[in-house]
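One-letter residues, chain by chain:
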Amino acid sequence: MTAPAPLDPLTGEELTALVDGLAGLPYDGEAVDQRTHALQTAWLAMDAGADDELVVAAALHDIGRARPVRAEHPGVPHEVAGAEFARRRVSERAAWVIAQHVPAKRYLVATDAAYHALLSPASIASLKVQGGPMDEREVAEFAAHPLATDAVALRRWDDAAKDPDGPRLAMPTLLAAHARCVAARRA
């Protein structure tokens with residue numbers, strides 16, 4: 001089976017529709033909806049000094065839960081569906097980081113003794129379903145990937161982006177970062 005050919009880069013209008021389409025979608029028992037979570041994750045990425053591509057990936061890390069992406073990839077875990085979408089419409093780097101934001105939680109639980117205490121009850125419950133902490137072999141394989149630090153950073157922003165009163169990246173700022181990514185991809 002061959003991978004689908006990449007499509008044209010995601011347009012600003014499509015990005016806006018996807019993010020806005022997350023409004024009101026529950027986020028696994030958390031105090032924020034999917035849209036707030038996406039924009040908070042992106043704000044945390046930008047606040048940490050992440051480059052444009054990582055900011056866009058942060059905003060899209062759970063896009064596999066969006067109705068149009070779920071429809072295109074039914075029955076597939078959200079991180080896999082989101083990665084497939086990002087691979088075709090954003091970039092390979094964004095796709096890998098999105099795919100690895102769930103394994104990054106498993107990695108952090110295995111390697112950072114204080115990390116587990118930072119997880120919300122919903123995140124602890126999903127950790128069990130996701131396979132629990134990585135074993136030594138998985139830790140070594142994950143850590144050896146050149147984008148592992150990006151995935152770990154995204155995971156930490158993801159975990160912190162659950163505050164209904166917390167800061168959110170404004171859509172014009174996200175769209176500007178996305179436009180710079182598209183321009184760089186075309187250059």
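Note: the structure precedes this text.
Right, let's walk through the structure included here.

Rules and cut-offs
- Residue numbers restart at each chain and count upward from 1, following the sequence in its written direction.
- Given that the model is predicted, a residue must reach a pLDDT of at least 70 before its local features are reported, and side-chain atom pairs must reach 80 or more before they are shown or counted; all residues, however, enter totals for whole chains, interfaces and linings.
- Side-chain calculation: all heavy atoms of the structure are included, whereas hydrogens and water are not.
- A run of DSSP states H or I qualifies as a helix once it reaches four residues; a run of E qualifies as a strand once it reaches two. Both are numbered from the N-terminal end.
- Using C-alpha atoms as the atom set, the radius of gyration is obtained and then compared with a globule rule of 2.2 Å times the number of residues to the power 0.38.
- Per-residue accessibility, obtained with a 1.4 Å probe over protein chains only, is compared with the maximum for each type, and a residue is labelled buried under 20%, exposed over 50%, and partly exposed between these values.
- Residue contacts are defined here by distance: any two heavy atoms, one from each residue, within 4.5 Å place the two residues in contact.
- Only the protein chains shown count as cover for residues, and the accessible areas themselves come from Shrake-Rupley with a 1.4 Å probe.
- With a 1 Å grid spanning the protein atoms alone, the term cavity applies to any set of points in which a 1.4 Å probe fits but cannot get out, the term pocket to an open set with protein on both sides within 12 Å along at least five of seven lines, and the term lining residue to any residue with an atom within 4 Å of a point.
- Grid points are joined across faces, edges and corners, and a volume is the space filled by probe spheres set on the points.
- What a helix is expected to span follows from its residue count: subtract one and scale by 1.5 Å.

Description of the overall build of the protein
A count of helical and extended segments in the protein gives ten helices and zero strands. Reading the helices (α) and strands (β) of the protein from amino to carboxyl end gives α-α-α-α-α-α-α-α-α-α. Since a compact globule built from 187 residues should have a radius of gyration of about 16 Å, the 16 Å found for the protein is in line with a globular shape. Principal axes of the C-alpha set define a box for the protein whose edges measure 40 × 40 × 35 Å. Going through the 187 residues of the protein one by one, you find that 49% of them count as buried. Across the protein, contacts joining residues at least 24 apart in sequence account for 71% of those joining residues at least 6 apart. On the protein, roughly 8,900 Å² of surface is accessible, and the fraction owed to carbon and sulfur atoms is 58%.

Some remarks on the side chain of Arg 93
By the secondary structure assignment, Arg 93 is in helix 6 (residues 92–111). In this structure Arg 93 touches Asp 51, Glu 53, Leu 54, Leu 147 and Asp 150, once residues within four positions along its chain are discounted.

Some words on the layout of surface pockets
In this model, the largest pocket occupies a volume close to 170 Å³. In terms of lining, the largest pocket is formed by 16 residues, of which the most central are Tyr 27, Asp 28, Arg 65, Lys 105 and Ser 126. Counting only elements with at least two residues in the lining of the largest pocket, the list comes to helix 6, helix 7 (121–129) and helix 9 (148–160).

Overview of helix 9
End to end, helix 9 covers 19 Å across 13 residues, agreeing with the expected 18 Å (1.5 Å per residue, within 8%). Those residues of helix 9 lying buried are Ala 148, Asp 150, Ala 151, Val 152, Leu 154, Arg 155, Trp 157, Asp 158 and Asp 159. As for helix 9, its buried residues are in contact with helix 2 (34–47), helix 3 (52–60), helix 6, helix 7 and helix 8 (136–144).

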